[in-house]
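# Structure assessment
Here are the chains, one letter per residue:
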Amino acid sequence: MKKPLTGSALKWIAILTMLIDHVGACLIEVFVMNAHGTSPLAGRLTGEQIMAWYDFDIYLRLIGRVSFPIFCFLLVEGAVHTRDMGKYMLRLTLFALLSEVPFDLAFHNMLFFTGGQNVFLTLAMGLLAVWILKGWRQQVWRLPLGLLLPAFAAQLLLTDYGAVGVLVIVLMYLLRERPWLRAVVCVFVLVAFNSLEWPTAFSFLLIALYNGERGRQPKYFFYGFYPGHLLMLWAVGRFLLVNFV
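Reference entry: report on the structure contained in this document. (Residues numbered from 1 in each chain as written. Predicted model: local features only at pLDDT ≥ 70, side-chain atom pairs only at ≥ 80, totals over all residues. Heavy atoms only, no water.)

Another point: the overall build of the chain. Within the chain, the regular secondary structure consists of ten helices and zero strands. Considered along the principal axes of its C-alpha atoms, the chain spans approximately 60 × 40 × 35 Å. Out of the 245 residues in the chain, the part that is buried amounts to 48%. For the chain, contacts bridging at least 24 residues in sequence account for 74% of all contacts bridging at least 6. (Helix = DSSP H or I, 4+ residues; strand = E, 2+ residues; numbered from the N terminus. Buried < 20%, exposed > 50% of the residue type's maximum accessible area, 1.4 Å probe, protein only. Contact = heavy atoms within 4.5 Å.)

This paragraph deals with the packing of helix 4 (residues 85-108) against helix 10 (residues 221-240). Running from N to C, helix 4 and helix 10 cross one another at 5 degrees; their axes reach a closest spacing of 8 Å. Judged on the interaxial angle alone, helix 10 and helix 4 are roughly parallel. Of the residues in helix 10, those touching helix 4 at Tyr88, Arg91, Leu92, Phe95, Leu98, Ser99, Pro102, Phe103, Leu105, Ala106 and Phe107 are Tyr223, Gly224, Tyr226, Pro227, Leu230, Leu231 and Trp234. (Axes fitted to C-alpha atoms, helices over the stretch in contact; angles between N-to-C directions. Parallel < 35°, antiparallel > 145°, perpendicular 65-115°, else oblique.)

This next bit is on the pattern of salt bridges. Tallied over the entire structure, the rule returns five salt bridges. Arginine 65 is paired through a salt bridge with aspartate 21; the nearest N and O atoms lie 2.5 Å apart. Here arginine 65 is found in the loop between helix 2 (47-64) and helix 3 (67-81), whereas its partner aspartate 21 is found in helix 1 (residues 7-32), with 44 residues between them in sequence. For the pair arginine 65 and aspartate 21, one class covers both residues: buried. Overlapping salt bridges bring together Asp21, Glu29, Arg61, Arg65 and Glu197 as one network. (Salt bridge = Lys/Arg side-chain N within 4 Å of Asp/Glu carboxyl O.)

Right, let's talk about a nonpolar patch on the surface for a bit. Together, Trp180, Leu196, Trp198, Phe202 and Leu205 line one region of the surface with nonpolar side chains, adding up to about 590 Å² of accessible area. With respect to the secondary-structure elements, leucine 205 resides in helix 9 (residues 200-207). (Patch = residues over 30% accessible without salt bridge, like charges linked within 9 Å, V, L, I, M, F, W, Y side chains within 5 Å. Areas by Shrake-Rupley, 256 points an atom, 1.4 Å probe, with all protein chains shown as cover.)

Under the criterion given, the structure shown has 15 aromatic pairs. Taken together, a centroid distance of 5.3 Å and an interplanar angle of 75 degrees make the contact between tryptophan 12 and phenylalanine 222 edge-to-face. Here tryptophan 12 is found in helix 1, whereas its partner phenylalanine 222 is found in helix 10, with 210 residues between them in sequence. Judged by its relative accessible area of 11%, phenylalanine 222 falls in the buried class. When the ring of tryptophan 234 is compared with that of phenylalanine 239, the centres are 5.4 Å apart and the planes differ by 80 degrees; the resulting orientation is edge-to-face. Residue classification places tryptophan 234 among the buried positions, given a relative accessible area of 19%. Positioned above the aromatic ring of tyrosine 173 is the side chain of arginine 176, whose terminal nitrogen or guanidinium carbon lies 4.2 Å from the ring centre. (Phe/Tyr/Trp six-rings, centres within 6.5 Å; stacked < 30°, edge-to-face > 60°. Lys NZ or Arg CZ within 6 Å of the ring centre and 35° of its normal.)

Shown next as structure tokens:
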């Protein structure tokens with residue numbers, strides 16, 4: 001029996017769960033709960049109201065945990081099958097740069113925030129690791145370099161998920177022919193990083209339904225959606241939410 005999910009279907013699931021996650025991380029945490037002290041709603045909610053929003057936020061963030069492993073898996077699939085790794089790397093890096101201001105606005109309500117960088121940069125560092133690791137069985141020096149250099153760079157740059165995110169991508173690449181071991185190891189690493197990452201187990205159940213087909217995909221929509229939806233969430237929080245909460 002043919003498995004039901006194409007790469008495109010997996011990507012839509014990842015995008016939807018990411019959007020749900022960011023509704024919590026941006027709209028609720030930044031603009032309702034005033035997590036960074038920059039919300040125009042500051043002082044308008046009671047402690048009891050904030051706790052009620054907090055409970056809702058937890059559910060949204062748990063749903064959102066599903067997205068990251070799927071994006072990592074699709075990145076590895078793309079890296080294995082791409083004809084031009086350089087162009088793939090350039091595209092990810094370009095969108096990482098384009099996404100940084102929207103990321104800072106959405107998650108901190110600030111035009112520039114140096115304390116954290118967006119997940120595109122994590123994916124770019126993960127892709128760099130895979131690029132280095134290709135052919136490591138013939139050149140063993142590639143293994144420690146591919147593991148350590150991009151992970152160190154991600155941690156130094158304070159990217160989303162940091163070195164752990166790069167490690168997950170590396171594990172997905174090295175264990176891509178052993179799917180169940182890949183799932184167990186990656187979930188263990190993510191939960192060790194943050195106990196709230198336990199819903200990532202569902203990511204790997206979805207990945208197990210992948211049929212190996214790319215599916216129909218708008219060429220740049222998935223890249224553009226990331227900065228686009230962050231700007232949209234920031235605008236809703238900054239200019240609309242203040243009138244309804």
